[in-house]
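Summary of the model geometry
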Amino acid sequence: MISKLNRRSFLGTTGAFIAGSLLASPLSAYALSKGNKIRVALAGTGVRGTSFWGRTLVNNYADILEFVGLCDINPGRLSYAASYMGVDCPGFTDFEEMIKTTSPDLVIVTTVDATHHQFIIKGLDMGCDVLTEKPLTTDEDKCQQILDAERRSNRKLIVGFNYRWSPYPTKIKELLQKGSIGRVTSVDFHWYLNTYHGASYFRRWHGLRQCSGTLWVHKATHHFDLLNWWLDSDPEEVFAYGDLEHYGASGPFSGDKCRTCPHKAECKFFWDITRDKRMMDLYVKNEHYDGYIRDNCLFRPEINIYDKMSAQIKYRDNTFVNYSLTTYSPFEGWRIAFNGMDGRLEAWLDIPWMKSDNISQSEMHKLEMSQEEEIRDTEPIIVHKLWEDYKKLDVKFPKGGHGGGDELLQDKVFRTPDQEDPFERAAGVRDGAMSILIGVAARKSIESGEQVRIAELTDLKPRVRRLS
Ligand SMILES: NC(=O)c1ccc[n+]([C@@H]2O[C@H](COP(=O)([O-])OP(=O)(O)OC[C@H]3O[C@@H](n4cnc5c(N)ncnc54)[C@H](O)[C@@H]3O)[C@@H](O)[C@H]2O)c1
């Protein structure tokens, strides 16, 4: 196992130990000999666990890692996961038993958001490094427990923020980092989820705040992490509005689940899960174990998250951000504008009338859900300096998920953890915490009608510069 201060090298005779500051990098370094692979255990064998952190790792990193255990509360999904991933390691419904039996080096957490903390804390306390999917967790108390566990452990905690690694966000980071528009003073950031992707969150556990922390946490953690990283400052205060008007009890009717719904013909959101073999194998065939209905009604009355959200965030360096998240847009995309002392930077992805090709929203959603590659060529960023004409930069997208970003993230974790990254894309516990705390603060602000200070949520104190 790998300790922060005294990393055990697995290296035999085949390679050199790669020196690097472990404390500076939030990622553990695994240096391996041929016969000594990283022992990986996976908690949560749903779609994300079995694909991005499952089969993809088996396909691309089998030379340096091996799965030694899989864990899920659903025994049916567990056995499907092993065959889908092509591994023959044992499956467990008890996480502690898995760790005791299989002694993994690294635990990957891909369970329901509100349960992440259990596996992160137990994993660290039982001597493993932990890589968790976003969001780090769903509220400030669990966040503090994770911060405490990370501090008392000598293991590493990695948060798998994949958006940072895509070439487009990376180019924005590079332009801001080199001062293309001077000091940034304010930002407009708007994210639009379409009626496929946006609606999908209301079909399952994401629609319950006790499971997902609402989309302020589950989804916006990605966006807040990008903001924190782009601005290189910590959030200080948040004021927010949110409401549920389109989905949940606001809907025109509701049914049991799409498969058996009497409103199939009239419901624009009807989704025939029986036509998707992977969804059937993963969820429908195993719903008798735990009652997890994947094609649940998005108008069911127990939905208690927001479907429209808007926030103002003040950063510690006095940058003001206007942010919004919509879940029933006719198209899926986002746009951002940074106002700087020397000019303005504008960026956007997938706004239909700003693209030369016509995108099918349902195809886009299929691609997103399959966790497979996306295909695009170049996308523009506008840099408009004060008193000058604007310049359009074309950002190239190599092949691969999120423009090759997914592969870069996994390479950083498993192959080149100590390689220097000028854009500081590796994310650790503080990044995970700061991004969810904006969402937690937004929730609290909606409930109280007042602005919420990030410093009051955990013992983390916002910094003018993130890494200082
Ligand atoms: N970074 C990204 O772009 C991205 C994309 C998709 C999902 N995710 C994250 O990945 C995680 C999993 O999402 P998903 O879409 O695969 O969900 P999912 O519902 O398909 O899978 C979750 C799995 O966790 C299991 N589970 C729930 N509670 C458990 C417990 N207490 N112990 C053990 N297993 C438990 C469920 O049975 C299920 O198999 C979530 O945290 C989500 O936010 C991230």
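All of these numbers come straight from a predicted model, not from anything done at the bench.

Quick notes on the overall build of the protein
Along the backbone of the protein there are 15 helices and 15 strands. Counting every position in the protein, which comprises 468 residues, the buried fraction comes to 60%. For the protein, contacts bridging at least 24 residues in sequence account for 75% of all contacts bridging at least 6. For the protein, the exposed area adds up to about 19,500 Å²; of that, 51% sits on carbon and sulfur atoms.

Concerning the sheet that holds strand 15 (residues 452-453)
Ordered by their spatial adjacency, 9 strands build an open sheet running 14-13-12-11-7-10-9-8-15, and the pairing between neighbours is mixed. The open sheet has two edge strands, strand 14 (391-396) and strand 15, and neither has a second partner. For strand 9 (residues 308-315) and strand 10 (residues 320-329), the ladder comprises 7 bridges, and the chain directions are antiparallel. By the bridge assignment, Lys-314 is partnered in strand 10 with Phe-320.

Some thoughts on the nonpolar core
Ile-172, Leu-227, Trp-230, Ile-336, Phe-338 and Leu-345 are the most contacted members of the largest nonpolar core, which has 91 residues in total. Per element, the largest residue contribution to this core is 9 residues, and it comes from helix 15 (residues 429-448). The contact partners of Trp-230, leaving out residues within four places of it in the chain, are Pro-169, Ile-172, Lys-173, Leu-176, Phe-189, Trp-334, Ile-336 and Phe-338. Grouped together as the second largest cluster of nonpolar side chains are 25 residues, Val-40, Phe-52, Ala-81 and Leu-409 included.

Observations concerning the pairing of strand 14
Strand direction decides the pairing type here: strand 13 (residues 378-385) and strand 14, joined by 6 bridges, are antiparallel. Following the sheet pairing, Pro-380 is matched in strand 14 by Asp-394. Linking strand 13 back to strand 14 in an antiparallel pair, the connection comprises 5 residues, with Trp-387 at a positive phi of about 70°.

Some remarks on the pattern of salt bridges
Counting across every chain of the model gives 31 salt bridges. Note that Glu-447 is salt-bridged to Arg-209, the shortest N-O span being 3.0 Å. With Glu-447 in helix 15 and Arg-209 in helix 8 (residues 209-212), this pair connects stretches of sequence that are 238 residues apart. By relative accessible area, Arg-209 is classed as partly exposed at 28%. Across the pair Lys-257 and Asp-256 runs a salt bridge whose closest N-O atoms are separated by 3.2 Å.

Observations concerning the pairing of strand 7 (residues 184-194)
When strand 7 meets strand 11 (residues 333-340), the two strands line up antiparallel, connected through 8 bridges. Of the residues in strand 11, the one forming a bridge with Phe-189 is Ile-336. Across 8 bridges, strand 7 lies against strand 10 in parallel orientation. The partner of Phe-189 across the bridge, within strand 10, is Tyr-323.

What to know about the confidence of the model for the protein
Within the protein, residue pLDDT values average 90, and 90% of them lie at 70 or more. Scored below 50 in pLDDT, residues 1-34 shows 88 contacts in the model against residues more than four places distant or in partner chains.

Here's the deal with unusual backbone geometry
Look at the link from Lys-134 to Pro-135: it is a cis peptide, with omega at -10°. Mapped onto the elements, Pro-135 comes out in the loop between strand 5 (129-132) and helix 5 (140-152). Located in the positive-phi region is Ser-103, a residue other than glycine, with phi close to 40°. Among the secondary structure elements, Ser-103 is positioned in the loop between helix 3 (95-102) and strand 4 (106-109). For Asp-232, which is not a glycine, the phi torsion comes out positive at approximately 55°. Along the chain, Asp-232 falls in the loop between helix 10 (220-231) and strand 8 (235-243).

Some details on the site of the ligand
Inspection of the region around the ligand gives 25 residues, with Asp-72, Arg-77, Asp-113, Tyr-283 and Tyr-292 positioned closest. The side chain of Glu-133 places a nitrogen or oxygen atom 3.0 Å from a nitrogen atom of the ligand. His-218 is positioned with one of its side-chain polar atoms (N or O) 3.4 Å from an oxygen atom of the ligand. Of all elements in the fold, only helix 1 (47-61) and helix 4 (116-125) reach the threshold of two or more residues within the shell around the ligand. Within the shell around the ligand, the residues separate by chemical class into 8 nonpolar, 10 polar and 7 charged.

Some points on the environment of Ala-442
Relative to the assigned elements, Ala-442 resides in helix 15. Sequence-wise, Ala-442 and Glu-237 are 205 residues apart; in three dimensions their C-alpha atoms are separated by 9.3 Å. Aside from chain neighbours lying at most four places away, what touches Ala-442 is Trp-216, Val-238 and Ala-240.

Some details on the environment of Arg-300
Structurally, the position occupied by Arg-300 is in the loop between helix 12 (287-290) and strand 9. Taking the relative accessible area as the measure of exposure, Arg-300 reaches 6% and is therefore buried. For the pair Arg-300 and Arg-203, spaced 97 residues apart in sequence, the C-alpha separation works out to 8.7 Å. Residues contacting Arg-300, with those up to four places away along its chain left out, are Phe-202, Arg-203, Arg-204, Gly-248, Ala-249 and Ser-254. Within the structure, the side chain of Arg-300 is placed 2.6 Å from the backbone oxygen of Phe-202, a separation counted as a polar contact.

Here is what the cut-offs are and how they apply
Residues numbered from 1 in each chain as written. Predicted model: local features only at pLDDT ≥ 70, side-chain atom pairs only at ≥ 80, totals over all residues. Heavy atoms only, no water. Helix = DSSP H or I, 4+ residues; strand = E, 2+ residues; numbered from the N terminus. Buried < 20%, exposed > 50% of the residue type's maximum accessible area, 1.4 Å probe, protein only. Contact = heavy atoms within 4.5 Å. Areas by Shrake-Rupley, 256 points an atom, 1.4 Å probe, with all protein chains shown as cover. Pairing = 2+ DSSP bridges. Core = buried A, V, L, I, M, F, W, Y, C linked by side-chain atoms within 4.5 Å. Salt bridge = Lys/Arg side-chain N within 4 Å of Asp/Glu carboxyl O. pLDDT = per-residue confidence, 0-100. Near = heavy atom within 4 Å. Polar contact = N/O pair within 3.5 Å; in protein donor to acceptor, adjacent residues only side chain to side chain. Nonpolar A, V, L, I, M, F, W, Y, C, P; charged D, E, K, R; others polar.

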